[in-house]
Amino acid sequence: MKSKMSLKELNFNNTGSWPREFKIGFCVLIGLVIVALGWYLFVSDKRDELKGLERQETDLRAEFETKQGRAANFEPLKLQLAQMEQQLQQMLRQLPSKTEMPDLIVDISQTALATGLNTELFQPGPETPKEFYAEKPIQLRMVGTYHQFGAFVSGVASLPRVVILTMHDIALRPAPNAKGAGGAEIPLELSGTVKTYRYLDEQETAEQEQAAGTAAPAGQGGR
């Protein structure tokens, strides 16, 4: 009976003489080595690439959901913006127009006289057009009591048109040589600049937009 061959007796230069079981085992070993090398050289890199693609998919999915939510809210926001613009136009229409502005200046001056204020200076300045309105400064200096100034403000607020007055560099101090004899109020002097506003009509608004569009390219060309 032929004895079994040990691993030490194998001749690697003549594998054809090996017993069948050693040949099978050697082929299986070579196959495992090839599979391991293939996995290491190809599959391992693909796994890293797969992980990167999975992360990219997650990021893209989150970005898609965010944009989808914005798109769903776009139409309501667009409608809300249109309503706000309409309300703004309605509010602007309550301001004086270009033709009403001279009468408004006279009404403000007359209101000051009617409340007993001594108007030492009331000098309207040139208008400054803005995007959709124009502001008109008025330099003034008035002398009167605290209650007379209160009545003046109340009188301006009750004018037929909406009047907006903003104060700039206003100083309120006792009038020069003022004395409150017999418990009377000490006269005060109010000086500075107030600004009132009117809305621009469609033609003026178009001219403003055209001027802004012309100024933008000129400013870019000078850089």
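In what follows, the structure referred to is the one given above.
The present account deals with the structure reproduced in this document.

**Quick look at the overall build of the protein**
A tally of regular secondary structure across the protein gives four helices and five strands. Each helix (α) and strand (β) of the protein, taken in turn from the N terminus, gives the series α-α-β-β-β-α-β-β-α. Going through the 223 residues of the protein one by one, you find that 22% of them count as buried. Considering only residue pairs separated by 6 or more positions, the protein has 62% of its internal contacts joining residues 24 or more positions apart.

**Concerning the pattern of salt bridges**
Oppositely charged side chains may form a pair once their charged atoms are brought near each other. Considering all chains together, one arrives at six salt bridges under this definition. Arg61 is the partner of Glu57 in a salt bridge, and the nearest nitrogen-oxygen pair spans 3.2 Å. Taken as a pair, Glu57 and Arg61 lie in helix H1 (residues 20–93) at a separation of four residues, close to a single helical turn. You can call Glu57 partly exposed: its relative accessible area is 43%.

**Brief notes about the packing of helix H2 (residues 101–114) against helix H3 (residues 146–157)**
With their axes 9 Å apart at the nearest point, H2 and H3 run at an angle of 145° to one another. Relative to H3, the crossing made by H2 is right-handed. Here Ile108, Thr111 and Ala112 of H2 lie close against H3, whose contacting residues are Phe152, Gly155 and Val156.

**Brief notes about the side chain of Glu189**
Of note, Glu189 is situated in strand S5 (residues 188–199). For Glu189, the residues in contact, after removing those within four places along its chain, are Glu120, Arg141, Met142, Val143, Ala171, Leu172, Arg173, Pro174, Ala175 and Pro176.

**As for unusual backbone geometry**
Despite not being glycine, Asp169 shows a phi value in the positive range, around 55°. With respect to the helices and strands, the residue Asp169 is situated in strand S4 (residues 165–174).

**What about the packing of aromatic side chains?**
Inspection of the entire model under this criterion finds one aromatic pair. Between Tyr133 and Tyr197, the aromatic rings sit 5.8 Å apart at their centres with planes inclined by 65°, giving edge-to-face as the arrangement. Of this pair, Tyr133 sits in strand S3 (residues 133–144) while Tyr197 sits in strand S5; the two residues are 64 residues apart in sequence, bridging distant segments of the chain. On the basis of relative accessible area, Tyr133 is assigned to the partly exposed category, the value being 25%. Look at Tyr197 and you get buried, because its relative accessible area is 12%.

Analysis parameters
Residues numbered from 1 in each chain as written. Predicted model: local features only at pLDDT ≥ 70, side-chain atom pairs only at ≥ 80, totals over all residues. Heavy atoms only, no water. Helix = DSSP H or I, 4+ residues; strand = E, 2+ residues; numbered from the N terminus. Buried < 20%, exposed > 50% of the residue type's maximum accessible area, 1.4 Å probe, protein only. Contact = heavy atoms within 4.5 Å. Salt bridge = Lys/Arg side-chain N within 4 Å of Asp/Glu carboxyl O. Axes fitted to C-alpha atoms, helices over the stretch in contact; angles between N-to-C directions. Left-handed = near helix turned anticlockwise from the far one by under 90°. Phe/Tyr/Trp six-rings, centres within 6.5 Å; stacked < 30°, edge-to-face > 60°.

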